[in-house]
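# Structure assessment
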Amino acid sequence: MAETQRVKISALGTYVPPRLLTNADLEKMVETNDKWIIERTGIRERHVVDQGVATSDLATEAAKRALAERGIAPSDLDAILVATVTPDMFFPATACLVQHKLGAKNVWGFDLSAACSAFVYALQAGTQFVATGAHKKVLVIGADVMSSIIDYTDRATCVIFGDGAGAVLLEPADDSLGIMDFLHEIDGSGGCALYMPGGGSLHPSTHETVDKKMHYVHQDGQAVFKFAVRKMADLCDQILKRNNLKGSDIDAFIPHQANQRIITATADRLGLRPESVIINIDRYGNTTAGTIPLAMETARQEGKLKKGSLVMLASVGAGFTVGATLLRWAY
Ligand SMILES: CC(C)(COP(=O)(O)OP(=O)(O)OC[C@H]1O[C@@H](n2cnc3c(N)ncnc32)[C@H](O)[C@@H]1OP(=O)(O)O)[C@@H](O)C(=O)NCCC(=O)NCCS
């Protein structure tokens, strides 16, 4: 990377709403069963918000925890980036709502939309702001309330998604640790495999768009699955090779949690050590922009994020969007 200033993650905070939606609950709502969901996805339960709780609420809680861990005040921040596909509303940006709820003065920010890759894309955008010297403290939040756009009569999608948020603080690094490299790619030819058709400028909200269930997630699961298995491994392989690393060098592989089978297929292809692969989809489902910071927290609790640990983040999502990031954990 061409930046002059090395950048590190200096704090992490996560938040999930307390209410659980278990496989047993879903068995009562649609024609499905615990065994199918676990075998095909790896998910046992997910967290969902109560009515009236929005993405900015989850994002603000995660942000507060990251700031508390670092021991700084909201107004010490320079910028707040919110990665989300479920903003509280089209506008204002969720970043503005989070800024206000935190009481962060003299801060700017914006939302970034890249579905399940949005957190790693925002992480890289924030990294560039610090790397150029423009900023010293950038908060990057991944947050989604997927339950707000899921059709709970559609068994193909409602078993997969959950709600959650995570935030990391980016700061200049004064040693060789921190963000090392990234590789991102988008492929709009996959747009029709995973999308929410209604409510935008193409299909503004009408009674008809509601009747046709156009305000929910629509997914061709097998197309997404095949693309994810192929591309997540491809980008990770490329980023490892150009940094002269092998899969077995990775201490913590922190992938987007979309499906346990996608994660293990990727890990096998890359020759990762099984103990380095972070999986928490069983507890959270797919929280879209929330998965990677939530999985960072799991890695930390499992003792796999120590100062100097070699970490690879990997994402794939609607768009299609793909991302891979290499870093050394810095604290
Ligand atoms: C969605 C997904 C779990 C479905 O698994 P799959 O193995 O591909 O299953 P299929 O779609 O082929 O369906 C197999 C059968 O299970 C059924 N099925 C689908 N959902 C089911 C459910 N929740 N419970 C029980 N049966 C279900 C299907 O109707 C189908 O039945 P049929 O053979 O009688 O037609 C899987 O495709 C997947 O995870 N795709 C990627 C999705 C993803 O990651 N999205 C987010 C990207 S960021």
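Bear in mind the structure is a predicted one, so any value in this text is a computation, not a measurement.

Before going further, it helps to spend a moment on the overall build of the protein. Check the secondary structure of the protein and you find 11 helices and 13 strands. When the backbone C-alpha atoms are referred to their principal axes, the protein occupies close to 55 × 45 × 35 Å. Per-residue burial over the protein gives 55% buried out of 331 residues. Excluding contacts between residues fewer than 6 apart, the proportion of contacts in the protein whose partners are at least 24 apart in sequence is 77%. Within the structure as shown, the protein displays about 13800 Å² of accessible surface, and the carbon and sulfur contribution to it stands at 53%. Side-chain charges in the protein split into 33 positive and 37 negative, and the spacing between the mean points of these groups amounts to 4 Å.

Turning our attention to the sheet that holds strand E12 (residues 310-317). Read across the open sheet, the four strands follow the order E8-E13-E12-E11; overall the sheet is mixed. Looking at which strands have only one partner, the edges of the open sheet turn out to be strand E8 (178-186) and strand E11 (252-255). Pairs of neighbouring strands in the sheet enclose a mean axial angle of 10°, with direction left out of account. The pairing of E8 with strand E13 (residues 321-328) spans eight bridges and is classified as antiparallel.

As summarised here, the arrangement of the five strands in space is E1-E7-E6-E4-E5, forming an open sheet in which the pairing is mixed. The outermost strands of the open sheet, each flanked by one partner alone, are strand E1 (7-15) and strand E5 (108-112). On average, each strand axis in the sheet is inclined to that of its neighbour by 20°, with strand direction left out of account. For E1 and strand E7 (residues 163-172), the ladder comprises eight bridges, and the chain directions are antiparallel.

Neighbouring the ligand are 24 residues; Thr 32, Arg 40, Gln 219, Gln 222 and Asn 259 lie closest to it. Gly 221 places a main-chain nitrogen or oxygen 2.9 Å from a nitrogen atom of the ligand. One of the side-chain N or O atoms of Gln 222 is found 2.4 Å from an oxygen atom in the ligand. Relative to its unbound accessible surface of 950 Å², the ligand loses 72% to contact with the protein. For the shell around the ligand, the secondary-structure elements that each account for two or more residues are helix H2 (34-41), helix H6 (155-158), helix H8 (221-242), helix H9 (260-270) and E12. It is H8 that provides the largest number of residues to the shell around the ligand, a total of four residues. Along the lines of polarity and charge, the residues of the shell around the ligand split into 11 nonpolar, nine polar and four charged.

What follows covers the packing of H8 against H9. Following both chains from N to C, one finds H8 and H9 inclined at 35°, their axes separated by 9 Å at the closest point. Considering the relative orientation of H8 and H9, their crossing is right-handed. In this structure, H8 contributes Phe 225, Ala 228, Val 229, Arg 230, Met 232, Ala 233, Asp 234, Cys 236, Asp 237 and Leu 240 to the contact, and H9 contributes Arg 261, Ile 262, Ala 265, Thr 266, Arg 269 and Leu 270. Considered class by class, the residues forming the contact of H8 with H9 number 10 nonpolar, one polar and five charged.

Rules used in this analysis
- Residues numbered from 1 in each chain as written.
- Predicted model: local features only at pLDDT ≥ 70, side-chain atom pairs only at ≥ 80, totals over all residues.
- Heavy atoms only, no water.
- Helix = DSSP H or I, 4+ residues; strand = E, 2+ residues; numbered from the N terminus.
- Buried < 20%, exposed > 50% of the residue type's maximum accessible area, 1.4 Å probe, protein only.
- Contact = heavy atoms within 4.5 Å.
- Areas by Shrake-Rupley, 256 points an atom, 1.4 Å probe, with all protein chains shown as cover.
- Lys, Arg positive; Asp, Glu negative; His and termini not counted.
- Charge placed at Lys NZ, Arg CZ, Asp CG, Glu CD.
- Pairing = 2+ DSSP bridges.
- Axes fitted to C-alpha atoms, helices over the stretch in contact; angles between N-to-C directions.
- Near = heavy atom within 4 Å.
- Polar contact = N/O pair within 3.5 Å; in protein donor to acceptor, adjacent residues only side chain to side chain.
- Nonpolar A, V, L, I, M, F, W, Y, C, P; charged D, E, K, R; others polar.
- Left-handed = near helix turned anticlockwise from the far one by under 90°.

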